[in-house]
Amino acid sequence: MTKRFLRISLIFTGLIMLFPAQGIADTPFPSIHEPEGEGVKCVKDEDEMRRNHMNYILHQRDKTMREGVRAESDSSYSLAKCINCHVQPNDKGEVPTHDSKEHFCVACHQYASVQIDCFECHADRPQKYIKRDQSPRALKQQLKEVLDAKDMGDAQ
Amino acid sequence: MSDQINDSRRSFLSKAAIAGSITIAPGVFLHQTAHAKPDDQAVSNDTRWGMLIDTDKCAKGCTGCVDACNNEHGLTGFGRPETDTQYIRKVSLVEKQTGHEISLPLMCQHCENPPCVDVCPTGASFKREDGIVLVDKHICIGCRYCMMACPYKARSFVHENIEDQTLSAPRGKGTVESCTMCTHRVDKDGIPACVEACTEDDHNAMLFGDLNDPDSEISKELKKHGGKQIRADLQLNTGVRYQGL
């Protein structure tokens, strides 16, 4: 805890030394877009998440990977869930990718000089914003659903 | 360890398989349900997941299971069949003397004593309590020892940058991967995508279930008609068994 805090403070100090003319108040803070909407809250208090989000996700990672625990309850810290809430289209309707400073997880990390490799494997956007070619199997499935629905209609 | 399929049972099974090919009555594969744990509980060795494949029912030329798997995990090729990822592939065997051709799907055999786990220097290659053998890519360093150790050539190495992954298979360059027996489905009471596709296509050549539960469809079927391991001589006690070999 203290170590992490120290590291963050060191980074801040470093930044202040880089811009000696500017006070803390002038250091450009990354712009973080938070999910909006009635009653939408993070999985923990904002303060706690800011400081300790990595512990929660890494713990969840091992639980899922090693023990097969996939509870989708409010108390789970699935990376997929973070992404679903936190990565949304911007004003122009574009969904930021992990190459972009606009991406929720990137904005802050770049500022604090943290590098994570998670998005080499994990999708950086919610699935609904990812376009995929329809596989023949998926098309067949859809056709079957349509036909099944039609059968039901005929039977009535 | 409470695995019920043990050494003595195994040697019995291989003898039974040598005794001759067994014809399966139609309709043996009825409804397939997996019974799983509550999803906030860790997997335990009360369960050992396994698969039984009836090669007599596996249709030649059909790639339903492979397509379903690729679709489920977002496995797209780069036009390099030698290195493109495969979790499951179709293999045909032709008996030289009679010309009899057998077609079967081959994937990670989810061994009880997996050689890939033995050789892994980081502990990334591991066996879950419920018998499913996985790569924990978070600690995989991409050395590929496991690929060399696997007698079934079941593992692939990711050679390219990957984008737009599915939720079911986070995957990226520099790590090894293989069939996960669809843990993301099985942990939620589902069955693997390949088994689902084979059943949907009315081939019913694949059965999934708990080998430790004597009342499961797969255990009953194995008890009645047996099921052979590929390379039983290696004594790996595979979780995937075959009939009609």
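Residues numbered from 1 in each chain as written. Chains lettered and ligands numbered in written order. Predicted model: local features only at pLDDT ≥ 70, side-chain atom pairs only at ≥ 80, totals over all residues. Heavy atoms only, no water.

(A) Quick look at the overall build of chain A. Scanning chain A for helices and strands turns up five helices and zero strands. Going from the N terminus to the C terminus, chain A shows its helices and strands as α-α-α-α-α. Residue pairs in contact within chain A that sit at least 24 positions apart in sequence constitute 53% of those at least 6 positions apart. A total of about 11600 Å² of accessible surface is found on chain A, and carbon and sulfur atoms cover 57% of it. (Helix = DSSP H or I, 4+ residues; strand = E, 2+ residues; numbered from the N terminus. Contact = heavy atoms within 4.5 Å. Areas by Shrake-Rupley, 256 points an atom, 1.4 Å probe, with all protein chains shown as cover.)

(B) Structural detail: the interface of chain A and chain B. Counting from both sides, the interface comprises 25 residues of chain A and, opposite them, 35 residues of chain B. Area buried by chain A at its contact with chain B is led by A:Arg66, A:Arg70 and A:Arg137, which between them contribute 28% of it. The interface formed by chain A and chain B holds three salt bridges in total. With its nearest N and O atoms 3.2 Å apart, the salt bridge here joins B:Asp136 to A:Arg66. Linking chain A with chain B are 12 residue pairs in polar contact (both at pLDDT 80 or more). Contributions of two or more residues to the side of chain A that touches chain B are made by helix H2 (46-67) and helix H5 (136-155) of chain A. (Buried area = accessible area lost by both parts, 1.4 Å probe. Salt bridge = Lys/Arg side-chain N within 4 Å of Asp/Glu carboxyl O. Polar contact = N/O pair within 3.5 Å; in protein donor to acceptor, adjacent residues only side chain to side chain.)

(C) Structural context of the confidence of the model for chain B. All names here are of chain B. Per-residue confidence for chain B averages 88 on the pLDDT scale, and 85% of its residues sit at or above 70. Within the model, pLDDT remains below 50 along residues 12-34, and this stretch shows 34 contacts once partners closer than five positions in the same chain are excluded. Complex prediction metrics read pTM 0.84 and ipTM 0.81. (pLDDT = per-residue confidence, 0-100.)

(D) Seen up close, the environment of A:Glu72. Looking at where A:Glu72 falls in the secondary structure, it is placed in the loop between H2 and helix H3 (79-86). A relative accessible area of 57% places A:Glu72 in the exposed class. Ignoring anything within four residues of it in the chain, the contact list for A:Glu72 reads A:Lys81, B:Asp39 and B:Lys188. (Buried < 20%, exposed > 50% of the residue type's maximum accessible area, 1.4 Å probe, protein only.)

(E) Seen up close, a nonpolar patch on the surface. Residues and elements named next belong to chain B. Together, Val119, Tyr145 and Met148 give the surface a local cluster of nonpolar side chains, amounting to about 320 Å² of exposed area. Within the secondary structure, Tyr145 sits in helix H4 (residues 145-149). In this structure Tyr145 comes out as partly exposed when scored by relative accessible area, which is 46%. (Patch = residues over 30% accessible without salt bridge, like charges linked within 9 Å, V, L, I, M, F, W, Y side chains within 5 Å.)

(F) Geometry of the pattern of salt bridges. All names here are of chain A. Applying the stated criterion across every chain yields a total of 15 salt bridges over all chains. Glu67 is the salt-bridge partner of Lys63, the closest N and O atoms lying 3.3 Å from each other. Of the two residues, Lys63 and Glu67 both sit in helix H2, four residues apart, roughly one turn of that helix. Relative accessible area serves as the criterion here: at 30%, Lys63 is assigned to the partly exposed category. Assessed through its relative accessible area of 29%, Glu67 is described here as partly exposed.

(G) Examining the packing of aromatic side chains more closely. Evaluated as defined, the whole model comprises two aromatic pairs over all chains. Centroid distance A:Tyr56 to A:Tyr77: 4.5 Å. Interplanar angle 35 degrees. Geometry classified as tilted. With A:Tyr56 in helix H2 and A:Tyr77 in the loop between H2 and H3, this pair connects stretches of sequence that are 21 residues apart. Under the relative-accessibility criterion, A:Tyr56 is labelled buried at 19%. Measuring from ring centre to ring centre gives 5.0 Å for B:Trp49 and B:Phe208, while their planes differ by 20 degrees; the resulting arrangement is stacked. Residue B:Trp49 is located in strand E1 (residues 49-54), and its partner B:Phe208 is located in strand E8 (residues 206-210); the two are separated by 159 residues in the primary sequence. On the accessibility criterion, B:Phe208 (2% relative accessible area) is buried. A cation over a ring is seen here: A:Arg66 above B:Phe126, with NZ or CZ 3.9 Å from the ring centre. (Phe/Tyr/Trp six-rings, centres within 6.5 Å; stacked < 30°, edge-to-face > 60°. Lys NZ or Arg CZ within 6 Å of the ring centre and 35° of its normal.)

(H) A look at the nonpolar core. All names here are of chain B. By size, the foremost hydrophobic cluster in this structure holds 47 residues, and its most contacted members are Met51, Ile88, Met107, Met206, Phe208 and Tyr242. Going through the elements one at a time, E1, helix H2 (64-73), strand E3 (101-107), strand E5 (133-135), helix H6 (193-200), E8 and strand E9 (240-243) are the ones with two or more residues in this core. Among the elements that take part in this core, E3 stands out by supplying four residues, more than any other. (Core = buried A, V, L, I, M, F, W, Y, C linked by side-chain atoms within 4.5 Å.)

(I) Representation of the sheet that holds E9(B) in the model. Residue and element names in this part refer to chain B. If you walk across this open sheet you meet the three strands as E8-E1-E9, and the pairing is mixed. Of all the strands in the sheet, the pair left with one neighbour each is E8 and E9. Along the sheet, successive strands turn relative to each other by an average axial angle of 20 degrees, direction set aside. Across five bridges, the pairing between E1 and E8 is antiparallel. Residue pairing for E8: Trp49 is matched across the bridge by Asp210. Where H6 meets the sheet, it contacts E1 and E8, and its direction lies at approximately 135 degrees from that of E8. (Pairing = 2+ DSSP bridges. Axes fitted to C-alpha atoms, helices over the stretch in contact; angles between N-to-C directions.)

(J) The arrangement of H2(A) in detail. Residues and elements named next belong to chain A. Considering bend angle alone, the principal kink of H2 is centred on Asn52 and spans about 80 degrees. Buried within H2 we find Met49, Asn52, Tyr56, Gln60 and Met65. Following H2 by one or two positions, Gly68 has its phi on the positive side, about 65 degrees. (Bend = angle between axes of the 7 residues up to and from the residue.)

(K) Structural detail: unusual backbone geometry. All names here are of chain B. In this structure, Asp164 takes a positive phi of about 55 degrees despite not being glycine. Its relative accessible area of 29% is what places Asp164 among the partly exposed residues. With a phi angle near 65 degrees, Asp202 is a residue other than glycine that sits in the positive phi range. Along the chain, Asp202 turns up in the loop between H6 and E8.

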